Structure formats: structure tokens, C-alpha cells
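Examination of the molecular architecture
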Amino acid sequence: MHVIDLRSDTVTLPTEEMLEAMRGAELGDDVYGEDPTVNRLEELAAEKMGKDAALLTTSGTQANLVSVISQTKRGDEVILEREAHLYYYEVGAFSILGGLVPRLVKGNAGVMAPEDIEGALRPPNIHFPPTSLVCIENTHNRAGGAMWTPIQTKAVYDFAKSRGLNVHMDGARIFNAAVAQNLDPREFTRNVDTLMFCLSKGLSAPIGSLAVGDQDFIDRSRKCRKMLGGGMRQAGIIAAAGIIAIEKMVDRLKDDHANAKMLANGLARLGVSVDPSQVQTNILIYDVSGLGIDADGWVSKMSEYGIKTGAVDANRVRMVTHRGIEKDDIESTVGVAEKIIDQLRSGA
Ligand SMILES: Cc1ncc(COP(=O)(O)O)c(C=O)c1O
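Calculation notes
- Within each chain, residues carry numbers counting from 1 in the order of the written sequence.
- Thresholds applied to this predicted model are a pLDDT of at least 70 for local features of residues and 80 or more for the giving and counting of side-chain atom pairs; totals over whole chains, interfaces and linings are not thresholded and use all residues.
- Where side-chain values are given, they derive from all heavy atoms of the structure, hydrogens and water being excluded.
- Proximity is defined per residue: any heavy atom of the residue falling within 4 Å of a molecule or strand makes that residue near it.
- Between N or O atoms, a polar contact is any pair within 3.5 Å; within protein, one atom must be a potential hydrogen donor and the other a potential acceptor, and residues adjacent in sequence are included only when both atoms are from side chains.
- Computed by Shrake-Rupley with a 1.4 Å probe, the accessible areas treat only the displayed protein chains as cover when residues are assessed.
- Secondary structure elements follow DSSP: runs of H or I no shorter than four residues count as helices, runs of E no shorter than two count as strands, and numbering proceeds from the N terminus.
- Amino acid classes used here: Ala, Val, Leu, Ile, Met, Phe, Trp, Tyr, Cys and Pro are nonpolar; Asp, Glu, Lys and Arg are charged; the rest, including Gly, are polar.
- Two rings from Phe, Tyr or Trp (for Trp, the six-membered ring) form a pair when their centres are within 6.5 Å of each other. A pair whose planes differ by under 30 degrees is stacked, one over 60 is edge-to-face, and the rest are tilted.
- Three labels apply to residues, based on accessible area from a 1.4 Å probe with only protein chains included: buried if under 20% of the type maximum, exposed if over 50%, partly exposed otherwise in between.
- By definition, being over a ring means that NZ of Lys or CZ of Arg is both within 6 Å of the ring centre and within 35 degrees of the ring normal.
- Pairing between strands is defined by DSSP: at least two bridges between the two strands are required.
- Axis definition: a line fitted to C-alpha atoms, over the contacting stretch in the case of helices. Angles run 0 to 180 degrees between N-to-C directions.
- The contact criterion used throughout is that any non-hydrogen atoms of two residues lie within 4.5 Å.
- The nonpolar core is taken to be a set of buried Ala, Val, Leu, Ile, Met, Phe, Trp, Tyr and Cys residues, with the residues joined through side-chain atoms within 4.5 Å.
- Our angle categories are set so that under 35 degrees counts as roughly parallel, over 145 as roughly antiparallel, 65 to 115 as roughly perpendicular, and the remainder as oblique.
- Whether a crossing is left-handed or right-handed is set by the direction in which the near helix is turned from the far one by less than a right angle, anticlockwise for left-handed and clockwise for right-handed.

This next bit is on the site of the ligand. Among the 13 residues in the neighbourhood of the ligand, the closest are listed as Gly60, Thr61, Asn141, Asp170 and Arg173. At 2.8 Å, a backbone N or O of Gly60 approaches an oxygen atom of the ligand. Within the side chain of Asp170, a nitrogen or oxygen atom sits 2.6 Å from a nitrogen atom of the ligand. Here the ligand, which alone exposes 390 Å², has 85% of that area covered by the protein. Broken down by element, the shell around the ligand gets its largest block of residues, 3 residues, from helix H3 (residues 60-69). When grouped by side-chain class, the residues that make up the shell around the ligand number 2 nonpolar, 6 polar and 5 charged.

Once that is clear, we can look at the packing of aromatic side chains. Enumeration according to the criterion identifies 3 aromatic pairs in this entry. Ring geometry for Tyr88 versus Tyr89: centroids 4.9 Å apart, planes at 65 degrees, classification edge-to-face. A ring pair is formed by Tyr286 and Trp298, whose centres lie 6.3 Å apart and whose planes are at 85 degrees; its orientation type is edge-to-face. One end of the pair, Tyr286, is in strand S9 (residues 283-287); the other, Trp298, is in helix H13 (residues 295-304), and 12 residues separate them in sequence. Grouping residues by exposure puts Tyr286 and Trp298 together as buried. We note Arg122 situated over the ring of Phe128; from NZ or CZ to the ring centre the distance is 4.4 Å. Taking the ring centre of Tyr88 as reference, the NZ or CZ of Arg142 above it sits at 3.7 Å.

Now for the sheet that holds strand S4 (residues 101-105). Strand order in the open sheet formed by 7 strands is S2-S8-S7-S6-S5-S3-S4, with mixed pairing between adjacent strands. Looking at the sheet topology across the chains shown, the edges are occupied by strand S2 (53-57) and S4. The mean angle between the axes of side-by-side strands here comes to 20 degrees, regardless of whether they run parallel or antiparallel. In terms of strand pairing, strand S7 (residues 194-198) meets strand S8 (residues 209-213) through 4 bridges, oriented antiparallel. Across the sheet, the residue bridging to Met196 is Ala211, located in S8. Relative to the sheet, helix H10 (residues 215-227) contacts S2, S7 and S8, its axis offset from that of S2 by approximately 20 degrees.

For the rest of this paragraph, the subject is the environment of Asp193. With respect to the helices and strands, Asp193 occurs in the loop between helix H9 (186-189) and S7. Through-space distance from the C-alpha of Asp193 to that of Tyr88 is 22 Å; in sequence the pair is 105 residues apart. Side chain to side chain, Asp193 and Tyr157 meet in a polar contact 3.5 Å long.

Among the nonpolar cores identified, the biggest contains 55 residues, and Leu56, Val134, Ile136, Phe197, Leu199 and Leu210 are the most heavily contacted of them. The element that contributes the greatest number of residues to this core is helix H11 (residues 236-248), accounting for 8 residues. In this structure, Val134 is in contact with Ile79, Met112, Ile117, Val156, Ala160, Leu165, Asn166, Val167 and His168, ignoring residues within four places of it in sequence. Of all hydrophobic cores here, the second largest spans 29 residues; its members include Ile4, Leu270, Met319 and Ala337.

A few words on the packing of H3 against H10. Taken N-terminus to C-terminus, the directions of H3 and H10 make an angle of 120 degrees; their axes are 9 Å apart at the nearest point. One way to sum up the angle between H3 and H10 is to call them oblique. As for how H3 packs across H10, the hand of that crossing is right-handed. Of the residues in H10, those in contact with Gln62, Val66, Ser67 and Ile69 of H3 are Phe217, Ser221, Cys224 and Arg225. In the contact of H3 with H10, the residues fall into 4 nonpolar, 3 polar and 1 charged.

Set out below in C-alpha cells:
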């Protein structure tokens, strides 16, 4: 059976060119700062993001964690959107390892407005932990790949600065936001203090993310990464693929966006509760409760036809397009959805 894996863009495999680059990478001990390929990747990442410096980490989770720990102190409060990946999917690491307290704000399709943050801020008071950081997520995973615009980012940044707060962007998929809005990523990054982005999602590298910011922040993050066991020695093997990810794999993200839109249109035609105009990048989240099934039931029926998807809660299912998913796969997926819906309607 031809398997169509729509669970995540993290399932992408490295390209042949990446594998060759990994084989031929010039290597050294990165804990001594002596891996030329890692150094080249970090310089490239910093330059693309318009910041001083960057740090290669093992994962997006680790990049978020070192970023958050490196600009807060234990006992601080951090403002996050209530469905933020950092809060929802990262095992509570910033609380467990960073001693930080989350303060959650409900956004609109993942985007917080200055007023939302203002409403969550509490004045200095003996009872309250001090707030030091706001985290934003672009694109927003649990909001179905929804994007922040540069204007929205600037509004939050200006407000945060007026209150003495730093802003960190979980930009795991910042290139998706940039490509979808036809903008340079620097349009977003100029209005955050720090960010992280992933090489191992739609950009197809096998491993790695980068924390990016000013030199001081990166020096602190490097030490924090070491503390977390992330000093990786000959990490040029990873970095070699990462360089290709950044240089060659960005433009094709628009194909993933077109495929997600096509999938949304196909499902909407079948009566599935999804608004294609809200599908802005490569993630599609839809509610199946109106079809008389729950999310786990839908995921399991789809898998019988070789289509892998994932439940995001009791009623909603997520599909993610990526390199390796072609138009034919989208048509097949819609065809399978139609079959399942017919079965559900006929009570089969
Ligand atoms: C928005 C967002 N942030 C962070 C991460 C964490 O990345 P990793 O899986 O590499 O730890 C993910 C992973 O899916 C993500 O979607």
C-alpha cells in the first residue's frame, strides 16, 4: 500500500544532496568551536535572520528551552499564547528546568494583540512573580499553521519594550510564514529579541534547529545548551544538511502551501468543517465531530487506507503537507475521505 504520511513535516527525509554534503563535511570539535561546517551554518543562520549570532541545537524544543532560560531568571513569569507549542508540547521543560511560571493568553488564530498581553500583565506586587518575557509562535502549530504578519509582530514588540519585556519567537516554521507572505524573514525577526527556527521540518534536514539573537544571548545559550547535554562535537554532519536546507529548500515551501489549500478545498467540498481561506501555510486542522466520528476514530479509519494523520484533540485532526506529498497524494486523500464519509452516512 502506498503510504501518505500527513502527520508532520518532520517526517521528511534528507535529500541526496544533503546526504552527500554530510558525507563530505569538514568536521571538528564544536564544543571547542572548531567545527567549520557548524560555524558556517551558524553564520548563515544569523545572517538570514538579521541578527549577530546563532547556535545549532539538537531540536526545536532545545532551541526554545535555551532561548527562554538564557533571558529569564528562575521564578520569572513568561507570557505565552495558551496553545503555544512551548507550553503545550515541550514537557513543561521551561518550568521544570528553567523554574519559570507560564501566564497564558488567548490569541486570535494564534496571534496575540498588545491588549491581550496588557490584560495578562500584573503590576509589581509582593504576591506576583515578575514578568520578563513574551513568547510568540510564527507560524502557529495548533492554530493550523496560522501566520503573524510583520505589523502584528511589531505591535507586540513595541508594547513589550514599553514594559521592559523581551520577546522570543518560536519560529520553527518562520520560513513558511515568510514564503506565504512573500517576505524576507528579517521582516519578522527585526521585531523580536530572539528566535528559534527548525531545519528538520519542511526544510527537510534530518536534525537540528537554531537559536538566534545577539552575541551575548548566544554566549549564554551556548553554555545552557552544554548544561542540557547538547554539546555535540562533530556536529558538522548535521550542519552540512542544514546549510542546504537554508540555501535550497525554502522556495519549495510554496508547493506545500498550495497542496494544503487544495486539501482544504477538497475536504470542504465533502462537507468537512474546514475553512480553506484560513489555511495559510502547510498545516490543516479540521473538526470531524459533524461527521459522526471522533478524531481518533477518523485517524484510525484513514490509516486503514494508508493515510497517516494525527488527532490534536477529541474532535480535531491535523494534516501537514511537506516534500514528498504530491498533488496525486492530495487527490487520493480526498478520495479516501469521501469513502469514509459515505460509509459514515450510510451507517456502514
Ligand atoms: C511551533 C513548534 N515549535 C517547536 C517545535 C519543536 O521542535 P522539535 O520537534 O524539533 O523539538 C515544533 C515541532 O513540531 C513546533 O511545531
